[in-house]
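So the chains spell out like this:
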Amino acid sequence: MLEAALYECPYCGEEVETSVDLSAGDQTYIEDCQVCCRPITFVLQVHEDEWHLEVFSENE
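Scope of this entry: the structure provided in the associated data block. Because the structure is predicted, anything quoted here is derived from the model rather than measured. Residue positions are given per chain, counting from 1 as you read along its sequence in written order. Reporting of local features is limited, given that this is a predicted model, to residues whose pLDDT is at least 70; pairs of side-chain atoms are given and counted only at 80 or more, and all residues count toward the totals for whole chains, interfaces and linings. Side-chain descriptors were evaluated using all non-hydrogen atoms of the structure, hydrogens and water having been removed beforehand.

The subject of this paragraph is the pairing of strand β2 (residues 15-21). Along any regular strand, the residues point their side chains to alternate faces of the sheet. Burial of β2 is one-sided: the residues Val 16, Thr 18 and Val 20 facing one way are buried, the residues Glu 15, Glu 17, Ser 19 and Asp 21 facing the other way are not. Relative to β2, strand β1 (residues 2-8) runs antiparallel, the two sharing seven bridges. Directly across from Ala 5, in β2, lies its bridge partner Thr 18. One bridge is not enough; two strands pair if DSSP finds at least two bridges between them. Runs of H or I in DSSP of at least four residues are treated as helices and runs of E of at least two as strands, each being numbered from the N terminus. In this antiparallel pair of consecutive strands, β1 and β2, the connection spans six residues, and Gly 13 shows a positive phi of 80°. Relative accessibility thresholds used throughout: buried, under 20% of the residue-type maximum; exposed, over 50%; partly exposed, between the two (1.4 Å probe, protein chains only).

Below you can see the structure in the form of structure tokens.
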């Protein structure tokens, strides 16, 4: 199940929308910012109907 999620890039500060796949459960993955192209670590935690997305720069 895909959900839309907004996050703030830890580098450029822009608010960006992405899609997260809740059907795969907890995940950690890296994607480039759609604005500044720097690598962001995404940590997705899924608990039944609730989910939480955190983003980190490569130095955090």
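Let us look at the environment of Glu 54. Structurally, Glu 54 can be placed in strand β5 (residues 50-57). Using a relative accessible area of 32% as the deciding quantity, one classes Glu 54 as partly exposed. As for Glu 54 and Phe 42, which are separated by twelve residues in sequence, their C-alpha atoms are 5.9 Å apart. Contact definition: two residues touch when any of their heavy atoms are within 4.5 Å. The contact partners of Glu 54, leaving out residues within four places of it in the chain, are Thr 41, Phe 42 and Val 43.

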